[in-house]
Amino acid sequence: MRAGKLRLKAEIFTPNNTTNDFGEISLNFDSIGTYYCDVSTKPRYEERDDQTLVSKVAYEVHFRYYSALENLPRESYIMLEGKKLHILSIAHVMHRQKHIHMVCEERT
């Protein structure tokens, strides 16, 4: 991957459990940073969820290797140009700690 391909900025959010004044646990999301990435889309598909039709778009997001992106919690998500992408899987390309490949989907 050439450095010129990493043109988009993606902000990554991870869950943070906090307690409020009543002792209830509330789930908040904290930004761990903004990283440059390369994105490609996969074809759209639709599936039926009870009585509604849910359309999903799959994205492949490529980052340079950062240790902060290596072990993200399952609830983490990416904000990319106003789109909220849910992370489905994280893989290291050739296990050389140079690139991280994420498969994400946008749900509408």
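Criteria and thresholds
Residues numbered from 1 in each chain as written. Predicted model: local features only at pLDDT ≥ 70, side-chain atom pairs only at ≥ 80, totals over all residues. Heavy atoms only, no water. Disulfide = S-S within 2.5 Å. Buried < 20%, exposed > 50% of the residue type's maximum accessible area, 1.4 Å probe, protein only. Helix = DSSP H or I, 4+ residues; strand = E, 2+ residues; numbered from the N terminus. Lys, Arg positive; Asp, Glu negative; His and termini not counted. Salt bridge = Lys/Arg side-chain N within 4 Å of Asp/Glu carboxyl O. Polar contact = N/O pair within 3.5 Å; in protein donor to acceptor, adjacent residues only side chain to side chain. Contact = heavy atoms within 4.5 Å. Phe/Tyr/Trp six-rings, centres within 6.5 Å; stacked < 30°, edge-to-face > 60°.

1. Some thoughts on the state of the cysteines
Consideration 1: Applying the stated rule across the entire model yields 0 disulfides.
Consideration 2: Between Cys37, a free cysteine, and Cys104, which holds the nearest cysteine sulfur, the sulfur-to-sulfur gap is 9.1 Å.
Consideration 3: Note on Cys37: relative accessible area 0%, which makes it buried.

2. Thoughts on the side chain of Glu106
Consideration 1: When you line up the elements, Glu106 lands in strand β7 (residues 99-107).
Consideration 2: There is no salt bridge for the buried Glu106, and the closest opposite charge comes from Lys83, which lies 5.2 Å off by N-O distance.
Consideration 3: Among the polar contacts made by the side chain of Glu106, one reaches the side chain of Tyr59 at a distance of 3.3 Å.
Consideration 4: Excluding anything up to four places from it in sequence, Glu106 contacts Ser55, Lys56, Val57, Tyr59, Lys83, Lys84 and Leu85.

3. Here we look at unusual backbone geometry
Consideration 1: Positive phi, close to 50°, is recorded for Glu81, a residue that is not glycine.
Consideration 2: Structurally, the position occupied by Glu81 is in the loop between β5 (77-80) and β6 (83-92).

4. What to know about the environment of Glu11
Consideration 1: Relative to the assigned elements, Glu11 resides in strand β1 (residues 8-19).
Consideration 2: When the C-alpha positions of Glu11 and Ser31 are compared, they lie 6.8 Å apart, and in sequence the two are 20 residues distant.
Consideration 3: With sequence-adjacent residues up to four places away left out, Glu11 is seen in contact with Ser31, Gly33, Thr34, Tyr77, Ile78 and Met79.
Consideration 4: Among the polar contacts made by the side chain of Glu11, one reaches the side chain of Ser31 at a distance of 2.7 Å.

5. Some points on the packing of aromatic side chains
Consideration 1: Per the stated rule, a full pass over the model turns up 4 aromatic pairs.
Consideration 2: Judged by centre distance (5.1 Å) and plane angle (65°), the ring pair of Phe29 and Tyr77 falls under edge-to-face. Of this pair, Phe29 sits in strand β2 (residues 25-41) while Tyr77 sits in strand β5, and the two are 48 residues apart along the sequence.
Consideration 3: For Tyr77, a relative accessible area of 11% gives the class buried.
Consideration 4: A centroid spacing of 4.7 Å and a plane angle of 45° characterise the contact between Tyr35 and Tyr66, whose relative ring orientation is tilted. Separated by 31 residues along the polypeptide, Tyr35 in strand β2 and Tyr66 in the loop between β4 (52-64) and β5 bring together distant segments of the chain.
Consideration 5: Taking relative accessible area as the criterion, Tyr35 reaches 11% and is therefore assigned buried.
Consideration 6: Accessibility expressed as a relative area gives 33% for Tyr66, which makes it partly exposed.

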